[in-house]
Every structure is written in C-alpha cells, then in structure tokens.
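Residue strings, one per chain:
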Amino acid sequence: MTRRMKGEPHPLEGAEPAAANGLLHRRMFLRGGALFTGATALGGLASIVPASAATLPEWRTTPGRPFIGYGYPSAFEEPVKRLVTARAADYPTPGTGSSRTPLHLLEGIITPSGLHFERSHSGVPDIDPTRHQLVIHGLVRQPLIFDLDALARYPTVSRIHFIECAGNSGGGWGLNPPAGAVATMHGLLSCSDWAGVPLSYLLDEAGIDPKAKWILAEGGDAAGMSRSVPLSKCLDDAMVALYQNGERIRPEQGYPMRLLLPGWEGNMNVKWLSRIKLTEGPTHTKDETSKYSELMPDGKAMQFTFPMEVKSTITRPCETLNMRGPGYYEITGFAWSGNGKIKRVDVSADGGKTWAEAALADPVVTKALTRFRLGWQWDGRESILQSRAVDDTGAVQPTRESLVAEKGVKNAYHYNGITSWEVRESGLVKNVWA
Ligand SMILES: Nc1nc2c(c(=O)[nH]1)N[C@H]1C(S)=C(S)[C@@H](COP(=O)(O)O)O[C@H]1N2
Ligand SMILES: [Mo]
C-alpha cells in the first residue's frame, strides 16, 4: 500500500474532459457518478502502523479539556478571520467602515455568524433588547409599537438568503485589478439562515392605507440609517429578522432585529430596525441620495437599483491560494442572484474561449449563495480561470468588458462582471482583467 501525502496530486483515471485546458465533466460531483475507475485511482489509503506510546500524539494519551458553555473554532483556525480593510481612521465619522468575509476559506453556503461581513455607518450599537422597540406609523389605520416579546407572538419563517453590499466587488470598476484573496474584491457578501416575522403580517396588523406605496425603514444606530422601500417588496418576501444561523442576530448584523429584503442591495437591509413609516413615495434620505446611486458614463445617476444582479466567483483557487504543481484540483466557488435561483454555472480554464458546466451543490435556494464545483486536471501551463453564472430569469453574468461598455467606470456600485484568475506556471494565482 502506498501512502498519500498532503499536496500529492490525485492520479485521476477515466475522468472525462469537458472543456479545454483540463476541465473535467461535472459528472464526478453528481450522485452515482463514478469518479475513480480502477483500483489504483486513489493510490490506496495510508497504511496502518501498529500503535505504540511513542507514536501516539499527546491528545490520545491525556483527557481533553472540560465542557464549556459556548464553543469556539479550534485555535489552529485562528487565521480564519474577517478582513478588516476600511478603518474608522480613514473616515471622518467614527464607526464607519467594513470588514469582509474570508470567502476562500469557507465551504458550503452558510457563513458562520462570526465571519459575516460588517458594513456600518456609525459603529455597532450595544442595544438592550428590553429597551428596543419597532414603531410602525405613517399611512396606517393604527400606529403600533412592537417589542421582542410582541414579535415572538407572530408566526415565524426561516429562510437562507445572502446579503451583499451594493459596493461589493467595487474594485472591478478600477483600472487595475485589486490584489489579494477573493475577499479583497468580493468579501462584502455573506449568507445566513435567517428567521423572523414576515413584514407583511406587521403591516397588515397596522392596516395599510391605500395611499401608501412605499415605506421608510430607519435603524436605531447613531447614524439613523434609513432607506425607502417599495411596499410591494414589503408584502412579498421581506422579513423582520430576529435570528441568524439558529441564534439571535449578532450585534454586527443588527441585534435585536433587522429588516431583511432578500436579494436587494445590502444597504437596504436596515439593521437595528426601529421605525417603519408608510409613505406615498420614496423619502430621498441621505443614505439613498448621497450614496448607493449608480453614476453612469453621461454623468447622470440612476435613482435606485434594488436587486443585486446575477454573479459568481471562483473562491478556490484564487489569489493567495496558489497551485502546488500539476495534477487534480477542485475548482469551487459561489454563484448568486438577487432575482432568483441560480440555474447554471459554467467554468473556463482558457479565459472564456471554452466552457464546461459546473455541478451545483444542493441546496440551490432562491436569493442565496449557491456552491458550484468542477474537477480540473491542471497540466501546469498558464491558464485563466473564470466562472459565469446564469439565473432562472435567464440573466447571464456579463464579462467585465461588456459591463464597463454598458455602465462606464465612474460607477462605484453593483459590479457583477466575471472574475478572472490567472494561473501562472509557477502556480501563482493573480486577479487579472481578461
Ligand atoms: N442601521 C443601519 N443599517 C445598515 C447599515 C448601517 O450602517 N446602519 N449598513 C448597511 C449596509 S451599507 C450594508 S451593506 C448592510 C451590511 O449588513 P451586515 O453588516 O450585517 O453585513 O447593512 C445595512 N444596514
Ligand atoms: Mo453597503
């Protein structure tokens, strides 16, 4: 028996090529798909060595630590951290900035709560839930005040959805590609299992005046961040979220309650939600006029762009996760759309000339991150890896070239162009415009 060591390539026999430069058929990720044909495929597992006290690691010979009330990741996972890029010192107002999710170090589709990206305009308030209230007023039959206890008496829904900052991937509009891991460019993106009360129930209870067509949603932070939302979205899938991944929402995500508008730009998902006013039209708050409006090449700005458009990125390999010699690799990443479900993801290893369809991992949920995978037999030559997502409205993720041709480069928001990772012969991976 031979022993497979870390970093050794898999000898893959019988894997079927699906596009140029070694992309393999997605069949290997589908249920029942035969991957390793022949007895030699895995090269055998590590041989069994007879145990002796001298060869046993210390954790086999002494009892482990006692039970604790709340668990943390292994100390060896210390480097798996949010990327804190914008610091308060870079901004004129305290607490303004963001941190990014280390997407390249994660698996599955759920972002651990402690790694959910943070974007705040005035820091993270430390809210006492017994003193927090949500007021619903304006064009309603009866203004209402809800505290946490009151909200607990309504039917709960739970759904998996992503939140993406409108400014995510904003580096895509730049002249040069940003350097760094995938989080540097795309890390203002996370996905959680949210639970809470459908907003429509609360609006119903307050009684919607037929004149009301919009709401104003305001946060309880010092920034009093507020956005206008069309009533139609509020009556569709909007939620007052109270839980994130099974536990109460983290302070960074809006404890004790946030507005969740599935698929719509992160900014509108008002955290620390404290007020909803029903109105005839949009309020034009500072947060929707001075920011989050897309500047077009003719110098005019779009008034509103609500949904986050179809997008994907390969997270492994990516810059900083370099290749270690030719052989078999798994290409994986995320695809998502604020307009629905991901229908298909294609992967290219030759800069977009030929494409192979990737396998989508279950579950594929509307307005949630979707994990895709594809096998790659890298021959060690320079390649350009790309992924291209299609959603169930038929929208196709654009190339950077076509996106820039359409929207120019003055825009700071809603970049959804294809990401290109250049894989050099040395194994170094670089973000490039291709
Ligand atoms: N009250 C309030 N809500 C807010 C913000 C804020 O600063 N204050 N930031 C917004 C922005 S710009 C984004 S992208 C998302 C980020 O949500 P997260 O910090 O939970 O990732 O929250 C939005 N909701
Ligand atoms: Mo944002």
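Here is what the cut-offs are and how they apply
Residues numbered from 1 in each chain as written. Chains lettered and ligands numbered in written order. Predicted model: local features only at pLDDT ≥ 70, side-chain atom pairs only at ≥ 80, totals over all residues. Heavy atoms only, no water. Near = heavy atom within 4 Å. Polar contact = N/O pair within 3.5 Å; in protein donor to acceptor, adjacent residues only side chain to side chain. Helix = DSSP H or I, 4+ residues; strand = E, 2+ residues; numbered from the N terminus. Nonpolar A, V, L, I, M, F, W, Y, C, P; charged D, E, K, R; others polar. Domains from an automatic or database assignment. Contact = heavy atoms within 4.5 Å. Buried area = accessible area lost by both parts, 1.4 Å probe. Salt bridge = Lys/Arg side-chain N within 4 Å of Asp/Glu carboxyl O. Pairing = 2+ DSSP bridges. Axes fitted to C-alpha atoms, helices over the stretch in contact; angles between N-to-C directions.

J.: I'd love a proper account of the site of ligand 1, names of residues and values included.
T.: The full set close to ligand 1 counts 20 residues, and F117, H121, D221, R258 and K271 are the nearest of them. Between ligand 1 and Q253, the relevant distance is 3.1 Å, taken from an oxygen atom to a side-chain nitrogen or oxygen of the residue. Among the elements that line the shell around ligand 1, the one with the most residues is strand β5 (residues 118–120), at 3 residues. Along the lines of polarity and charge, the residues of the shell around ligand 1 split into 6 nonpolar, 8 polar and 6 charged.

J.: Lay out the domain arrangement of the protein in plain terms, naming residues and giving numbers.
T.: Taken domain by domain, the protein comprises domain 1 (134–296) and domain 2 (311–432). Using C-alpha coordinates to define each centre, domain 1 is positioned 28 Å away from domain 2. Taken together, the contact pairs 34 residues of domain 1 with 31 residues of domain 2. A buried area of about 2800 Å², summed over both sides, lies between domain 1 and domain 2, and 60% of it is on carbon and sulfur atoms. Counting across the domain 1 and domain 2 interface gives 3 salt bridges.

J.: Please provide a residue-by-residue account of the sheet that holds strand β7 (residues 144–146), values included.
T.: Strand-to-strand pairing in sheets goes through backbone hydrogen bonds, with the strands running parallel or antiparallel. Strands sit in the order β7-β6-β15-β10-β11 across an open sheet of 5 strands; the sheet is mixed. Every interior strand has two partners, whereas the edge strands, β7 and β11 (226–230), have only one. Adjacent strand axes in the sheet meet at a mean angle of 20° when their direction is disregarded. Each of β6 (134–138), β7, β10 (214–219) and β15 (273–279) touches helix α3 (residues 199–206); the most contacted strand, β6, lies at about 50° to it.

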